[in-house]
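# Descriptive structure summary
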2 protein chains.
Amino acid sequence: MSDDQPTSIWMRPERLERSGPGRRPGYSRDQITRTAVQIADTEGLEATTMRRIACELGTGAMSLYRYVPKRDDLFDLMIDMVIREIELPDQPSGDWRSDLSLVAHQARAAGLRHPWLVPLLSGRPTLGPQLLRVHEFALAALDGFVLDIDDMAGYVGMLNDYIHSAVRREIGWQEEARRTGLDPETWKRDYVGPYVRQVVESGAYPLFNRSILESRMSHLSPAARFQHGLERVLNGIGAQGRI
Amino acid sequence: MSDDQPTSIWMRPERLERSGPGRRPGYSRDQITRTAVQIADTEGLEATTMRRIACELGTGAMSLYRYVPKRDDLFDLMIDMVIREIELPDQPSGDWRSDLSLVAHQARAAGLRHPWLVPLLSGRPTLGPQLLRVHEFALAALDGFVLDIDDMAGYVGMLNDYIHSAVRREIGWQEEARRTGLDPETWKRDYVGPYVRQVVESGAYPLFNRSILESRMSHLSPAARFQHGLERVLNGIGAQGRI
DNA sequence: GCCATTCAGGTACCCTGTACGCAAATGAAA
DNA sequence: TTTCATTTGCGTACAGGGTACCTGAATGGC
């Protein structure tokens, strides 16, 4: 019996409540995933190696492969685990605008708590149960207001795109700073600062310059900026269609 | 003299037209980048290793480090090189809608020609000269129609987000299929197919089901789908603001 | 008690990026 | 022409990575 069929992790559930012969498992998929999330939160995704996770659990690297087929599958499990943190009511309220706002703010919070989430999520086409739950809620928020299912999916996609790129912008600098080992302030000044200054001073890109120099947005708090952009997206949804 | 100052690749130009003593360089940053792009196009980004590139050039891996400080910097150079393929007039036409459409279609074409581009681009906050050029053109397309610079940047960001996620959706399946070594059709049927079917048959996500089963969009060609979504974004820009 | 089954964990292989060092090449100076 | 500082080419080596495979221990059914 070939057990290494190449199929999604969601089709290969951990076999539980087995009562046949054999040694009892000492760990669990959930426990391994939780440990991986913890390491990724504190030390970054690139520190989340099989050896590191196993070491944290006090075991050997190869033991993990009894629970997870591949490392990439573990990433899918990690994504699913933290998306579980997005708290949504069972049914949308009927006010699509506040429902989608709730999704956006919850998703942003999760993305900021786990800086590896969005980069990982937008890099792989995963479809775990928790992502399906959030997706379904967002679709349901528009149900009744937007009639065409393709439009609904399109709007939810737009919202999703905004959340991802906004969170990435918020995280981007600090993450890159952590990767290069500098603190954010030093990184901003010594690493990218000189280049941006050179570009600005060259005067070759006047509108880019204005977006840097005259921006009022950039003086707002990150949360206020997010809200601002979110409203732009929601206005875009509300303005067209038959809402 | 410490030459390993941690600064952006764009601040560390290849020193050319040197006429001092020392051996003449046998390669060039441009040549190395071109080779890397070629490998990434045909074999994927994960095959684009320093050793592989050097082998293609008929040299040793360490020789490359005379031209490129780090591997990540080479990625930045690769991004810049293929974004150069995006052909735009010197000045926008005055019709912001067709100008932004041009940017979108050109960017999509580049993304499809180089399937590694978008995943790489949305994973790192890079700001090469070519990206600045395209960004400036998109801003200029809205100049005069949108007065507030923050709004201009916001709209351009929305467009950018759409292009990225649309291209990623187009590429996603075939890329993941290539990564797992299956052809796209097999992958769709054997890898993700069973899971989606299970989800659909469970009936747990009725609107997700509708978006799969009743979608008219999914029967369109990829190009037509892209156009459809693009118009949604442009409508969003046009509907609000004072255009 | 026997035995098929299952897990823990070590070893090993091949791959990666890249720090380091030395030999060869080169143009300027002596 | 000889010398020499300088720069490149490239082999070696190291610290890590994912994971295939194997051995020994544990476990429940017969």
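Rules of the game
Residues numbered from 1 in each chain as written. Chains lettered and ligands numbered in written order. Predicted model: local features only at pLDDT ≥ 70, side-chain atom pairs only at ≥ 80, totals over all residues. Heavy atoms only, no water. Helix = DSSP H or I, 4+ residues; strand = E, 2+ residues; numbered from the N terminus. Buried < 20%, exposed > 50% of the residue type's maximum accessible area, 1.4 Å probe, protein only. Contact = heavy atoms within 4.5 Å. Areas by Shrake-Rupley, 256 points an atom, 1.4 Å probe, with all protein chains shown as cover. Near = heavy atom within 4 Å. Polar contact = N/O pair within 3.5 Å; in protein donor to acceptor, adjacent residues only side chain to side chain. Nonpolar A, V, L, I, M, F, W, Y, C, P; charged D, E, K, R; others polar. Buried area = accessible area lost by both parts, 1.4 Å probe. Salt bridge = Lys/Arg side-chain N within 4 Å of Asp/Glu carboxyl O. Least-squares fit on C-alpha atoms with pLDDT ≥ 70 in both. Axes fitted to C-alpha atoms, helices over the stretch in contact; angles between N-to-C directions. Parallel < 35°, antiparallel > 145°, perpendicular 65-115°, else oblique. Left-handed = near helix turned anticlockwise from the far one by under 90°. UniProt positions renumbered as here; feature names shortened; annotations may be inferred.

## A look at the overall build of chain A
Along its length, chain A carries ten helices and zero strands. Going through the 243 residues of chain A one by one, you find that 47% of them count as buried. If you take every contact in chain A between residues at least 6 apart in sequence, the share linking residues at least 24 apart comes to 67%. Only carbon and sulfur atoms are counted for the fraction: they give 52% of the accessible area of chain A, which is about 12600 Å².

## Observations concerning the protein's contact with DNA strand C
As a structural note, the neighbourhood of DNA strand C is formed by 27 residues, with A:Gly26, A:Thr59, B:Arg51, B:Tyr65 and B:Arg71 the closest of them. Backbone atoms, meaning sugar and phosphate, make up 57% of the atoms of DNA strand C lying within 4 Å of the protein. For DNA strand C, a phosphate oxygen lies 3.0 Å from a polar atom in the side chain of B:Lys70. Residues that form the surface near DNA strand C fall into these classes: nine nonpolar, eight polar and ten charged.

## Thoughts on the environment of B:Pro125
All names here are of chain B. One can find Pro-125 in the loop between α5 (117-121) and α6 (129-142). Taking the relative accessible area as the measure of exposure, Pro-125 reaches 46% and is therefore partly exposed. Residues Pro-125 and Asp-76, spaced 49 residues apart in sequence, show a C-alpha to C-alpha distance of 9.7 Å.

## Things to note about the interface of chain A and chain B
Interface size is often expressed as the accessible area that is lost when the parts come together. The interface is formed by 59 residues belonging to chain A together with 59 residues belonging to chain B. At the boundary of chain A with chain B, total buried surface from both sides reaches about 5200 Å², with 59% on carbon and sulfur atoms. The largest per-residue losses of area from chain A upon contact with chain B belong to A:Tyr195, A:Leu207 and A:Arg232, which jointly make up 14% of the total buried on that side. Across the pair B:Asp151 and A:Arg232 runs a salt bridge whose closest N-O atoms are separated by 3.0 Å. At the surface where chain A touches chain B, the tally comes to 20 residue pairs in polar contact (both at pLDDT 80 or more). Of all the secondary structure elements, the ones that give two or more residues to the side of chain A that touches chain B are α3 (71-83), α6 (129-142), α7 (149-180), α8 (184-202), α9 (206-213) and α10 (222-239) of chain A.

## Regarding the relation of the copies chain A and chain B
For the pair chain A and chain B, the relating rotation is 180°, the translation along its axis is 0.0 Å, and the fit reaches an RMSD of 0.1 Å. Such a turn and shift between the copies fits a two-fold axis. Closest approach to the rotation axis within chain A is made by the C-alpha atom of A:Gly236, at a distance of 2.2 Å. Take the interface residues of chain A: 100% of them recur as interface residues in chain B, which is what a same-surface contact looks like.

## A short note on the packing of helix α4 (residues 96-113) of chain A against α10(A)
Residues and elements named next belong to chain A. Contact pair α4 / α10: the axes reach a minimum separation of 11 Å and the direction vectors enclose 140°. Comparing the axis directions of α4 and α10 gives the class oblique. For α4 against α10, the interelement crossing comes out right-handed. Facing α4, whose interface residues are Trp-96, Arg-97, Leu-100, Ser-101, Ala-104, His-105 and Arg-108, α10 presents Pro-222, Ala-223, Phe-226, Gln-227, Leu-230, Glu-231, Leu-234, Asn-235, Ile-237 and Gly-238. Classifying every residue of the contact of α4 with α10 gives nine nonpolar, five polar and three charged.

## Concerning the protein's contact with DNA strand D
In the vicinity of DNA strand D, 27 residues are found, and the nearest of them are A:Arg51, A:Arg71, B:Gly26, B:Thr59 and B:Arg66. When atoms of DNA strand D within 4 Å of the protein are split into backbone and base, the sugar-phosphate part holds 55%. Contacts to DNA strand D include B:Gly26, whose backbone N or O atom sits 2.5 Å from a phosphate oxygen. Take B:Arg51: an N or O atom from its side chain is 3.5 Å from a base nitrogen of DNA strand D. Looking at the surface near DNA strand D residue by residue, the classes come out as nine nonpolar, eight polar and ten charged.

## A short note on the UniProt feature "domain: HTH tetR-type" (unreviewed entry) in chain A
Within this numbering scheme, the UniProt entry marks residues 26-86 of chain A as carrying the feature "domain: HTH tetR-type" (unreviewed entry). Helix makes up 59% of residues 26-86 of chain A and strand 0%, whereas the separation of the span's terminal C-alpha atoms amounts to 30 Å.

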